[in-house]
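An overview of the molecular structure
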2 protein chains.
Amino acid sequence: MGYFRENIERAKPYEAGFQPVSAGPSHDRPRRAGVVKLNTNENPYPPSPKVMEAIAGIDCEQLRRYPDPVGSAFRRAAAELNGVEPGWIMCCNGGDDLLRMVFTGFCDRRRPVAYPAPTYSLYPVLAKVQNCKVTEVAFDEEFNLPAKLAQTGAALTIVCNPNAPSGTFIAVEELASLADEVSGVLLIDEAYVDFAQANCVGLVKDFDNVIILRSMSKGYSLAGLRFGYAIARPEMIAGLMKVKDSYNVDAIAIAAATAAIKDQKYFKENVEKVKAECKRVTTELGELGFGVRVSFANFVLAGCMNCPASEIYDKLVERNIYVRFFNKGGLDDKLRITVGTGEQNDKLLAALKEILSK
Amino acid sequence: MGYFRENIERAKPYEAGFQPVSAGPSHDRPRRAGVVKLNTNENPYPPSPKVMEAIAGIDCEQLRRYPDPVGSAFRRAAAELNGVEPGWIMCCNGGDDLLRMVFTGFCDRRRPVAYPAPTYSLYPVLAKVQNCKVTEVAFDEEFNLPAKLAQTGAALTIVCNPNAPSGTFIAVEELASLADEVSGVLLIDEAYVDFAQANCVGLVKDFDNVIILRSMSKGYSLAGLRFGYAIARPEMIAGLMKVKDSYNVDAIAIAAATAAIKDQKYFKENVEKVKAECKRVTTELGELGFGVRVSFANFVLAGCMNCPASEIYDKLVERNIYVRFFNKGGLDDKLRITVGTGEQNDKLLAALKEILSK
């Protein structure tokens, strides 16, 4: 037919992790008894009680009127937390909203994107939609930053740090060098940084080409709310504002995300629980014979030595346990497993033990 | 500097109607005593009580998990209301989200957009971001559909119906003919259709190139929530899904918008109140000497005969009354006035009377 642009006609939509719950008409509430869902890197613990209070405090007027187009309340809270001014922050409808914006802002047929691979599988999908060339530079086995990434000449370089799906972390100094060397913009996708020991926010002060992406989905348990933010110099934020939808974040989301980011005590306790479970899962998977690197995120990438990853995946599904299997080279011998609650992790580990013993 | 694409560097951001309330740090709650805000076409009445119930019913699990990527609950409700199947509906983060998607999907340097003008001032902003040519075809004085619009050869033709800022309505049969004649896609932006007597949903059954845009901001009083939807044939929806952000609508918004669209009784009463006030405001503005065409939306475009529109605008601001003044040819002798509550309209009319008597 051809109503769409050719690159769109050829594009395949992003494949989100299987949602075992929203499939049929009877599943408005995303819940199903007995399912252990460790496939989309959600936080296993609920968001701060302050979030529920903020939502309960929403009134009709806030819904009737257009929201604050820049989410000033959240901007101020995020700025304070990150030691910058509010003009260095832009609110986004989830981190994915910012990812789309940077492709729109920096890339086209003559302005390629570059990133190390394997990484977040949304990047190539957005590149296809924006019709820009992609330079994928392969990580080594240890997921070190590839030296060649600095030399691609790309208009936009993306580094997911901690990286998904490896959970590995590249040192801040290495990314500072990269920011200095690349000719275009460096987006550091810190969606999982809440679980790491360091972050790159300091780089935005030294480099006018650095954008930091943050998400409220992981550390703050708000995947359902769609809220993320950018940190960058005000000139960069002003440019991104031009490609932002006029009212990209809604009034309830602004209020809820602001309440969440202000409750740092709850946030830190939540993150510590996830990190402790992550450590335990890593150790126990190792004892079961999986090859597991130390993770700086809320998931682990488990190399399957004695049994094909796809087979383990299927057998887990039979037991109502969902993890993520990527059917592509470099990843098809591994499973990405989100860190769940202690109880969920126990179920997973017991199931794996049973599967491998057969 | 030049990190951004040239078309983005040159672009100016969309200018939203002045928000007299979210300007300063002390205004998290968008409210200011005494302000009569008739400048951004918000509904003056609150949303359905069912919306507040739905929000109160949100639980932690819905926030912790990713939302349903296609908003199935809303899709079903909107499909039922419009007499189509759920596969003919796509949920959007406000109507603007869909507008951006159609530019991304259909337009580029060799694939222009066309629309009659004056119309919604976001269209040229989105065209600049997408770097596509624009063919503006001028409306006549009566805002009739320009015959030339069918002959532009554009990849995307947009008709806002009822049109903003004129409030005029083009008959369904005329748009059917246009759908038949254009070579590309016809997007009918029905953001204001809740206040009209007819709509174009029937056309999606006959034409595979028609997309209908609907908004929950106006008739359903949910501008703060950011929710809109597309109606089109499933093949068209499937294509649009490729350019949609993976999770573009959040869990709370899905629940709240679904509750709103299901409460048709409240919706109809609300709309009737606005329509009655619109009629009264139109009559009384006419008696004050303004040139006002019958409006099929929740605003009127008032031609200022005896006093410059900009002067009236300024004098209204002095009285804490905000309407919309567009400082451009064809509109700079008019004011666009949102229909408020009876009380707000009384204040506006009294102020105008006073201003004009001086």
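Residues numbered from 1 in each chain as written. Chains lettered and ligands numbered in written order. Predicted model: local features only at pLDDT ≥ 70, side-chain atom pairs only at ≥ 80, totals over all residues. Heavy atoms only, no water.

Topic: the overall build of chain A
Along its length, chain A carries 13 helices and 12 strands. Computed over C-alpha atoms, the radius of gyration of chain A comes to 20 Å, within 12% of the 21 Å expected from 2.2 N^0.38 for 358 residues, which places it in the range of a compact globule. A principal-axis box enclosing the C-alpha atoms of chain A has dimensions of 60 × 50 × 50 Å. The buried share of chain A, taken over its 358 residues, is 63%. Across chain A, every contact between residues at least 6 apart in sequence was considered, and the portion connecting residues at least 24 apart equals 72%. (Helix = DSSP H or I, 4+ residues; strand = E, 2+ residues; numbered from the N terminus. Rg over C-alpha atoms; globule rule 2.2 N^0.38 Å. Buried < 20%, exposed > 50% of the residue type's maximum accessible area, 1.4 Å probe, protein only. Contact = heavy atoms within 4.5 Å.)

Let's talk about the packing of helix α11 (residues 264-287) of chain B against helix α13 (residues 342-357) of chain B
Residues and elements named next belong to chain B. Where α11 meets α13, the closest approach of the two axes is 11 Å, and the angle between their N-to-C directions is 10 degrees. With respect to α13, the element α11 is oriented roughly parallel. Facing α11, whose interface residues are E277, R280, V281, E284 and L285, α13 presents G342, N345, D346, L349 and L352. A breakdown of the residues in the contact of α11 with α13 according to their chemical character gives four nonpolar, two polar and four charged. (Axes fitted to C-alpha atoms, helices over the stretch in contact; angles between N-to-C directions. Parallel < 35°, antiparallel > 145°, perpendicular 65-115°, else oblique. Nonpolar A, V, L, I, M, F, W, Y, C, P; charged D, E, K, R; others polar.)

Remarks on the domain arrangement of chain A
By a widely used convention, the size of an interface equals the accessible area lost when the partners come together. All names here are of chain A. Domain annotation for chain A reports domain 1 (6-46 + 265-357) and domain 2 (49-263). Of note, the centres of domain 1 and domain 2, computed from C-alpha atoms alone, are 24 Å apart. On the domain 2 side, the residues contacting the 31 residues of domain 1 number 32 residues. Between domain 1 and domain 2, the buried area comes to about 2600 Å², and carbon and sulfur atoms account for 61% of it. (Domains from an automatic or database assignment. Buried area = accessible area lost by both parts, 1.4 Å probe.)

Things to note about the relation of the copies chain A and chain B
Screw-axis analysis of chain A against chain B gives a translation of 0.0 Å along the axis, an RMSD of 0.0 Å, and a rotation angle of 180 degrees. Both copies are brought into coincidence by an operation consistent with a two-fold rotation axis. Across chain A, the rotation axis passes nearest the C-alpha of A:A56, at a separation of 3.1 Å. The overlap is high: 100% of the interface residues of chain A also sit at the interface in chain B, so the same surface is used on both sides. (Least-squares fit on C-alpha atoms with pLDDT ≥ 70 in both.)

Structural notes on helix α10 (residues 251-262) of chain A
Residues and elements named next belong to chain A. Between its terminal C-alpha atoms α10 stretches 17 Å, which fits the 16 Å expected from 12 residues at 1.5 Å a residue. Counting buried residues along α10, 10 of its 12 residues qualify, which places the element largely inside the surrounding structure. For α10, every residue scored as buried is listed here: A251, I252, A253, I254, A256, A257, T258, A259, A260 and I261. With a side-chain oxygen lying 2.9 Å from the backbone nitrogen of I252, the N-terminal cap of α10 falls on D250. (Expected span 1.5 Å × (residues − 1). Polar contact = N/O pair within 3.5 Å; in protein donor to acceptor, adjacent residues only side chain to side chain.)

Overview of the interface of chain A and chain B
Counting from both sides, the interface comprises 87 residues of chain A and, opposite them, 88 residues of chain B. Both sides of the chain A and chain B interface together cover about 7500 Å² of buried area, and 54% of this is carbon and sulfur. By the criterion of area lost to chain B, the three top residues of chain A are A:Y3, A:R64 and A:Y66, representing 11% of everything that side buries. Across the contact surface, chain A and chain B share four salt bridges. Linking chain A with chain B are 38 residue pairs in polar contact (both at pLDDT 80 or more). (Salt bridge = Lys/Arg side-chain N within 4 Å of Asp/Glu carboxyl O.)

Re the side chain of B:S221
Residue and element names in this part refer to chain B. Turning to its location among the elements, S221 is positioned in the loop between β7 (210-215) and β8 (228-231). On the basis of relative accessibility, which here comes to 0%, the residue S221 falls in the buried class. A distance of 3.2 Å separates polar atoms of two side chains, one belonging to S221 and the other to N270.

Some remarks on the packing of aromatic side chains
Considering all chains together, one arrives at 24 aromatic pairs over all chains under this definition. Residues A:F4 and B:F106 carry aromatic rings whose centres are separated by 4.6 Å and whose planes lie at 40 degrees to one another, so their mutual orientation is tilted. Here B:F106 lies in helix α5 (residues 95-106) and A:F4 lies in the segment before α1 (6-10), a pairing that spans two chains. For A:F4, a relative accessible area of 8% gives the class buried. On the basis of relative accessible area, B:F106 is assigned to the buried category, the value being 0%. Between the aromatic rings of B:Y120 and B:Y123, the centroid separation amounts to 5.5 Å while the plane-to-plane angle is 75 degrees, which identifies the pairing as edge-to-face. (Phe/Tyr/Trp six-rings, centres within 6.5 Å; stacked < 30°, edge-to-face > 60°.)

A word on the pattern of salt bridges
Inspection of the entire model under this criterion finds 34 salt bridges over all chains. A:R319 is the partner of A:E354 in a salt bridge, and the nearest nitrogen-oxygen pair spans 2.6 Å. Taken together, the positions of A:E354 in helix α13 (residues 342-357) and A:R319 in the loop between α12 (309-318) and β11 (321-322) put the pair 35 residues apart, joining distant regions of the chain. Residue classification places A:E354 among the partly exposed residues on the basis of a relative accessible area of 39%. Looking at A:R319, the relative accessible area reads 25%, which means it is partly exposed. Measuring nitrogen to oxygen at the nearest pair gives 3.6 Å for the salt bridge that ties B:E6 to B:R10. In this pair, B:E6 and B:R10 both sit in helix α1 (residues 6-10), four residues apart, roughly one turn of the helix. Given the relative accessible area of 59%, B:E6 is considered exposed. The structure contains a network of salt bridges with shared partners spanning A:E277, A:R280, A:E284 and A:D346.

Looking at the sheet that holds strand β12 (residues 334-338) of chain A
All names here are of chain A. Taken in spatial order, the three strands line up as β9-β10-β12 in an open sheet, and their pairing is antiparallel. Whereas interior strands pair on both sides, the edge strands pair on one side only; in this sheet they are β9 (291-292) and β12. Of the strand pairs in this sheet, β9 and strand β10 (residues 299-303) are connected by two bridges, and their pairing is antiparallel. Pairing of V292 across the sheet is with A302, part of β10. (Pairing = 2+ DSSP bridges.)

Overview of the sheet that holds strand β4 (residues 134-138) of chain B
Residue and element names in this part refer to chain B. The mixed open sheet is built from seven strands, whose spatial order is β2-β8-β7-β6-β5-β3-β4. The sheet is open, and its two borders are formed by β2 (89-92) and β4, each paired with just one other strand. Ignoring strand direction, the axes of neighbouring strands in this sheet form an average angle of 20 degrees. Its contacts with the sheet put α5 on β2, β3 (113-117), β5 (156-160), β6 (185-189), β7 and β8, and the angle it makes with β7 is roughly 155 degrees. The strands touched by helix α7 (residues 172-181) within the sheet are β5, β6 and β7, with β6 carrying the most contacts at an inclination of about 155 degrees.

Remarks on a positive patch on the surface
Taken together, A:R109, A:R110, A:K133, B:R109, B:R110 and B:K133 make up a surface patch of like positive charges. Mapped onto the fold, B:R110 is located in the loop between α5 and β3. Judged by relative accessible area, B:R110 falls into the exposed class, the value being 63%. (Patch = residues over 30% accessible without salt bridge, like charges linked within 9 Å, V, L, I, M, F, W, Y side chains within 5 Å. Areas by Shrake-Rupley, 256 points an atom, 1.4 Å probe, with all protein chains shown as cover. Lys, Arg positive; Asp, Glu negative; His and termini not counted. Charge placed at Lys NZ, Arg CZ, Asp CG, Glu CD.)

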